[in-house]
Amino acid sequence: MLDSLSQRLSKIVKTMRGQARLTESNTKDMLREVRLALLEADVALPVVREVLARIKEKAMGVEVVGSLNPGQALVGVVQEELTAIIGGDLSPEERSLNLRVQPPAVILLAGLQGAGKTTTAGKLAKHIVETMKKKVLTVSCDVYRPAAIEQLRTVTEQAGATWFPSTTGEKPIDIAAAAVAEARRRFYDVLIVDTAGRLAIDEAMMNEVAELNSYLKPAETLFVIDAMLGQDAVNTARAFNEKLPLTGIILTKADGDSRGGAALSVRHVTGKPIKFMGTAEKLTGFEPFDPEAMASRILGMGDIVGLVKDVTKSIDIEQAQKLAEKIKSGNRFDLSDFRAQLAQMNGMGDFSSILDKLPAQFQQAASKVSDDDVKKNLRRTLGIIDSMTPLERRKPELIKASRKKRIAAGAGVPVQEVNRLLKQFEQMQDMMKMMKKGGLSRMMRMFGGLT
Ligand code: GDP
Ligand code: MG
């Protein structure tokens, strides 16, 4: 198995902690990995170049917020950009079927032979019958292969739609005309027209489907493409896009082991929305296209979205290790250590998501407050510690009434808050003692980074 992009990036990332912004130099190595990941996913080379340029443009100067490290920040940018490019920035309307025309709404399917047009005709029919509750007629204009016409009949019946007969002796345009007439006569809402395909792009086939398209003026002209097509996806998509006013794309065989690079290539070349994807041979294997999932798949990232969102994982490892060393060597956990920990928490964002990673006694207390409260509190607490002298931080037992008053005034809080902090700190010290006894590995896990 190849390393996922996140694994590869995390290797690089180890060398570049503590950098505040994504720059040309700190992303160079990582962008090379992104490039490899795209190529391995079979994204066509010219597309890889353009996509990388776009990612780079977006990434430069991006602030590495909170406790994210630059690698995570870049992975976030890559994930976002890819998702946007393959359709995440389209509206739900743009991504769904548009059948709002005078019935019958015609759907024309075009694509190479074996792309999955006939299967998709059955899947679409089923989808429209079942979820849109419309009356669907199908017809095959594949006059070169009798078996293809029969195949459409079979899937149409499985879909609960009606098949309009055609034969190899007829001309595609005549078949189309007869089917439209039948659809009007019997008040079908939708007519799905299946067409012939060649193994390679061929002038005669292109002209035939283009003629059918001009005649039918479909509500949807859908380009059906095999997700396994790899590098060829670009040329095939370009040829169909130039010849036909495509309204959308259906990506078939997304259940295969391709990394899905064809999705990116085809979307990039045509600019048309990918509306559905086929995920099995049977008619139930049909889903609305999910740009975010496909972007993850292209990058081989798997859980990367979760990883990036789970900022808790990026708590500074060095800090945690130093702290662990300190405890192990018998040194006391002081208020400076406490401050460092709190500062990390402050950068962690969604507090409730890290709750379950805290020790039980903390969970109980923390679950009673909201994220906002926690953040506000943390900021105040940091302010209090900052108002102490180094000696006070090292030896909190020195902090008696007069020092408390001075510290409270410095931080702009009532004295009670200083008291509360000292109490909190004591509890934390107890916890540290407990961890010293045996829970060290647990703490390391709790503060462990993404490695
Ligand atoms: P056409 O020549 O474009 O009409 O393609 P077909 O509909 O005849 O499909 C070609 C082959 O691909 C058939 O064996 C189908 O069962 C298979 N196929 C089509 N769509 C999918 C899909 O989404 N997943 C899988 N696994 N196989 C598919
Ligand atoms: Mg067919």
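As the structure is a computational prediction, the values presented were derived from the model and not from experiment.

Peer 1: Even after reading the chapter, I still don't get the nonpolar core, so can you show me in this structure?
Peer 2: Across soluble globular proteins, nonpolar side chains have a tendency to be buried as a group. With 92 residues, the main nonpolar core has Ile107, Leu191, Val193, Ile225 and Leu251 as its most contacted residues. Sort the elements by how many residues they give to this core and helix 4 (residues 70-88) lands first, with eight residues. Built from parts of two domains, this core gets at least three residues from each of domain 1 (5-91 + 304-310) and domain 2 (95-288). The residues touching leucine 191, leaving out its near neighbours within four places in the chain, are Pro104, Val106, Leu137, Val139, Ala179, Val180 and Ala183. If you look at the next biggest cluster of nonpolar residues, it comprises 10 residues, including Leu335, Ile385, Ile407 and Leu421.

Peer 1: Please explain the sheet that holds strand 3 (residues 162-164) as it appears in this structure.
Peer 2: Strand pairing in a sheet relies on backbone hydrogen bonds, with the paired strands running either antiparallel or parallel. An order of 3-2-4-1-5-6-7-8 is seen for the eight strands of this open sheet, with the pairing classed as mixed. Here the strands that pair on one side only, and so sit at the sheet edges, are strand 3 and strand 8 (286-288). If you compare each strand with its neighbour and ignore which way they point, the axes differ by 25° on average. Bridge count for strand 2 (residues 136-140) against strand 4 (residues 190-194) is five bridges, and the pairing is parallel. Residue pairing in the sheet places valine 136 in a bridge with valine 190 of strand 4. The strands touched by helix 6 (residues 117-131) within the sheet are strand 1 (105-110), strand 2, strand 4, strand 5 (220-226), strand 6 (248-252), strand 7 (274-278) and strand 8, with strand 4 carrying the most contacts at an inclination of about 170°.

Peer 1: In this structure, what is going on with the packing of helix 10 (residues 233-243) against helix 11 (residues 261-270)? I would like to understand it.
Peer 2: As a packed pair, helix 10 and helix 11 sit with axes 9 Å apart at the nearest point and diverge in direction by 35°. When you trace helix 10 past helix 11, the crossing you get is right-handed. Counted together, Ala233, Val234, Ala237, Arg238 and Asn241 of helix 10 and Ala262, Ser265, Val266, Val269 and Thr270 of helix 11 form the full contact between these two elements.

Peer 1: I would appreciate a short explanation of the site of ligand 1 in the present structure.
Peer 2: Near ligand 1, the surroundings consist of 17 residues, among which Gly116, Lys117, Thr118, Thr119 and Gly278 are the closest. Ranked by residues supplied to the shell around ligand 1, first place goes to helix 6 with three residues. For the shell around ligand 1, a count of residues per class yields two nonpolar, 11 polar and four charged.

Peer 1: I tried to follow unusual backbone geometry on my own but got confused; where do I start?
Peer 2: Only a minority of non-glycine residues have a phi that is not negative, and only a minority of peptide bonds are not trans. Note that the residue after proline 103, namely proline 104, is joined by a cis bond; omega there is 0°. Mapped onto the fold, proline 104 is located in the loop between helix 5 (92-95) and strand 1. Even without glycine at this site, lysine 133 takes up a positive phi of about 55°. Among the structural elements, lysine 133 can be located in the loop between helix 6 and strand 2. A positive phi angle, close to 55°, is found at phenylalanine 187, a residue other than glycine. Counting through the fold element by element, phenylalanine 187 comes out in the loop between helix 8 (172-185) and strand 4. On the neighbour-count criterion, phenylalanine 187 (9 C-beta atoms within 10 Å) is exposed.

Conventions we followed
Residues numbered from 1 in each chain as written. Chains lettered and ligands numbered in written order. Predicted model: local features only at pLDDT ≥ 70, side-chain atom pairs only at ≥ 80, totals over all residues. Core = buried A, V, L, I, M, F, W, Y, C linked by C-beta atoms within 7 Å. Buried ≥ 20, exposed ≤ 12 C-beta atoms within 10 Å, placed from the backbone. Helix = DSSP H or I, 4+ residues; strand = E, 2+ residues; numbered from the N terminus. Domains from an automatic or database assignment. Contact = placed C-beta atoms within 7 Å. Pairing = 2+ DSSP bridges. Axes fitted to C-alpha atoms, helices over the stretch in contact; angles between N-to-C directions. Left-handed = near helix turned anticlockwise from the far one by under 90°. Near = placed C-beta within 6 Å. Nonpolar A, V, L, I, M, F, W, Y, C, P; charged D, E, K, R; others polar.

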